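# Residue-level structural notes
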Amino acid sequence: MSAEFGRRSGGQGRISQWLRGRRTDPKAEDSGREALLLAAAGAGLPLAPAAYPSGYRCSCDRVGCPTPARHPVSFAWQTQSTTDRAQIERWARHQPQANFITATGMVHDVLDVPFDAGREALERLLASGIEVGPVAETGDGRMLFFTLTRGTPEDEDEWWPCELDCHPETMDEHPGLRWHCRGSYVLVPPAQLPGDLTVQWVRGPEHPLPDPLSLLEILTDECSRYVGEEQDHATAAWPLRG
């Protein structure tokens, strides 16, 4: 199983290697990008155009953009997001460099975890026979587990703590799991990030979306382990002086 993953900054799984394979024909590359976007939309993920890298900066040209190449291009992205094939084809062909986001909380949610925690969790989930849906990896160290949306729970306080229901702009404030639901979004593969980093599928959108609660226990367990290890490393690097 571990052969499907690779080092965060280097090796890639077989799927990622295929997606990153060198092509000499730009039309073939555009066709592959469009096919992957249409596959995501066909699985029910509503899409909207997003910014893209311009060197090490963002195409939005905002000075100090906090999320370069990771945000929608329109403030109306929630209403603009669609699964309409013709519209996505037009966007993809007229904006060949654009990334795309998928709006969460309508059809699907995304459980967003550190890469190392996600890798271990995915191995455990599959070994346990738990149904896992689409999973993406980002070149900046995250794994995205796509699930069904929870909709509107009867008890709003039961499963909506702010640490889990947050926006991509607050990612650095929460080192563990983040639950993208209402009013949030994530990049959908294939996407490009500054520094030649990418967002790619580990498990594609052909896999049915699971109930998020079926994944939550193992994901939170691995996130807790990850955060504990990070804290141990920090303590070891800066020992307390008596």
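Criteria and thresholds
Residues numbered from 1 in each chain as written. Predicted model: local features only at pLDDT ≥ 70, side-chain atom pairs only at ≥ 80, totals over all residues. Heavy atoms only, no water. Helix = DSSP H or I, 4+ residues; strand = E, 2+ residues; numbered from the N terminus. Buried < 20%, exposed > 50% of the residue type's maximum accessible area, 1.4 Å probe, protein only. Polar contact = N/O pair within 3.5 Å; in protein donor to acceptor, adjacent residues only side chain to side chain. Contact = heavy atoms within 4.5 Å. Phe/Tyr/Trp six-rings, centres within 6.5 Å; stacked < 30°, edge-to-face > 60°.

### Here's the deal with the side chain of threonine 138
- Take threonine 138: it is sitting in strand β6 (residues 135–138).
- Overall, threonine 138 belongs to the buried group, its relative accessible area being 9%.
- Of note is the side chain of threonine 138, whose polar atom sits 2.4 Å from the side chain of aspartate 140.
- Setting aside anything within four residues of it in sequence, one finds threonine 138 in contact with Leu144, Thr198 and Val199.

### What about the packing of aromatic side chains?
- Inspection of every chain in the model, using the stated rule, returns three aromatic pairs.
- Judged by centre distance (4.9 Å) and plane angle (75°), the rings of tryptophan 77 and tyrosine 185 are edge-to-face. Of the two residues, tryptophan 77 sits in helix α3 (residues 77–80) while tyrosine 185 sits in strand β9 (residues 185–188), which places them 108 residues apart along the sequence.
- By relative accessible area, which is 4% here, tyrosine 185 ends up buried.
- Here tryptophan 91 and phenylalanine 100 contribute two aromatic rings whose centre-to-centre distance is 6.3 Å and whose plane-to-plane angle is 45°, an arrangement assigned as tilted.

### Let's talk about the environment of glutamate 34
- Residue position: glutamate 34 is located in helix α2 (residues 26–42).
- Spatially, the C-alpha atoms of glutamate 34 and arginine 90 are 9.9 Å apart, while their sequence positions differ by 56 residues.
- A polar contact of 2.8 Å, which involves the side chain of glutamate 34, links it to the side chain of arginine 93.

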